[in-house]
Amino acid sequence: MKDVLIYNSLGEQIIRLAQWDRDVYVSVEDAGITTYYPVHFFYKNSDRAYTVESTYSEGKLKAKIPDHLLREPYTICGYIQRNDGDDERRSDFRFIVSVVPRPQPTDYIMRSDPDYVEVESLKEEYKALQKQADQALAEAQAANKTASSLLEETKQAIKDANAAKDNAVQATEEAKTAKREADEARDRAI
């Protein structure tokens, strides 16, 4: 595992932050980082690390420190987890930033939006999307069945219309023949 330096958006190295800071993005530049990878943030004695999606541009990986971690005056650790293979997940890079304690500012507004990926919420979202997809599929199948039925009815209506047309043509021919025969009979009678 390699220790890496972190920088702010101005390119200045970050060594420490103040408690109650928020919307803090860290940037890492290293030859071994060639794309975006998940970044895990946690306190030294945490039993859980918060996974944050990162971005990668112009050779720099950028990730947001979860705001709730900055509400406590504890050192924050960050691990960049490379996932180059389907099965392999390695935390190859590490950084540490200390958080200096200070009182909560009076204008600090607590937000409930998580800055990290919660697997459980993703599972629930997936289940809801799967249910919507299943319902859409059932509706599409019902619409397809209705359309097939209408298509068959239309084909039958075309057959019936063609038969009626043929009957009409035949009736017209018979009417012409009857008229001709009537005309001939009239001419003979005269």
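Let me sum up the structure you'll find in this document. Remember, predicted model here, so these are calculated numbers, not experimental data. (Residues numbered from 1 in each chain as written. Predicted model: local features only at pLDDT ≥ 70, side-chain atom pairs only at ≥ 80, totals over all residues. Heavy atoms only, no water.)

## Observations concerning the overall build of the protein chain
The helix and strand tally for the protein chain stands at one helix and nine strands. Helices and strands in the protein chain line up, N terminus first, as β-β-β-β-β-β-β-β-β-α. Projected onto its principal axes, the C-alpha coordinates of the protein chain cover approximately 125 × 40 × 30 Å. Here the protein chain holds 190 residues, and 24% of them are scored as buried. Partitioning the intrachain contacts of the protein chain with sequence separation of at least 6 by distance along the chain shows that 63% fall at a separation of at least 24. Accessible area for the protein chain stands at about 13600 Å²; split by element, carbon and sulfur atoms hold 51% of it. Across the protein chain, the mean location of the 27 positive side-chain charges is 1 Å away from that of the 35 negative side-chain charges. (Helix = DSSP H or I, 4+ residues; strand = E, 2+ residues; numbered from the N terminus. Buried < 20%, exposed > 50% of the residue type's maximum accessible area, 1.4 Å probe, protein only. Contact = heavy atoms within 4.5 Å. Areas by Shrake-Rupley, 256 points an atom, 1.4 Å probe, with all protein chains shown as cover. Lys, Arg positive; Asp, Glu negative; His and termini not counted. Charge placed at Lys NZ, Arg CZ, Asp CG, Glu CD.)

## Overview of the pattern of salt bridges
With the rule as written, the count across this model stands at nine salt bridges. Here D67 makes a salt bridge to K64, at a shortest N to O gap of 3.1 Å. Judged on exposure class, the residue D67 and its partner K64 are both buried. Of the charged contacts, one joins R186 and D187 as a salt bridge, the two residues approaching to 3.6 Å between their closest N and O atoms. Judged by its relative accessible area of 49%, R186 falls in the partly exposed class. (Salt bridge = Lys/Arg side-chain N within 4 Å of Asp/Glu carboxyl O.)

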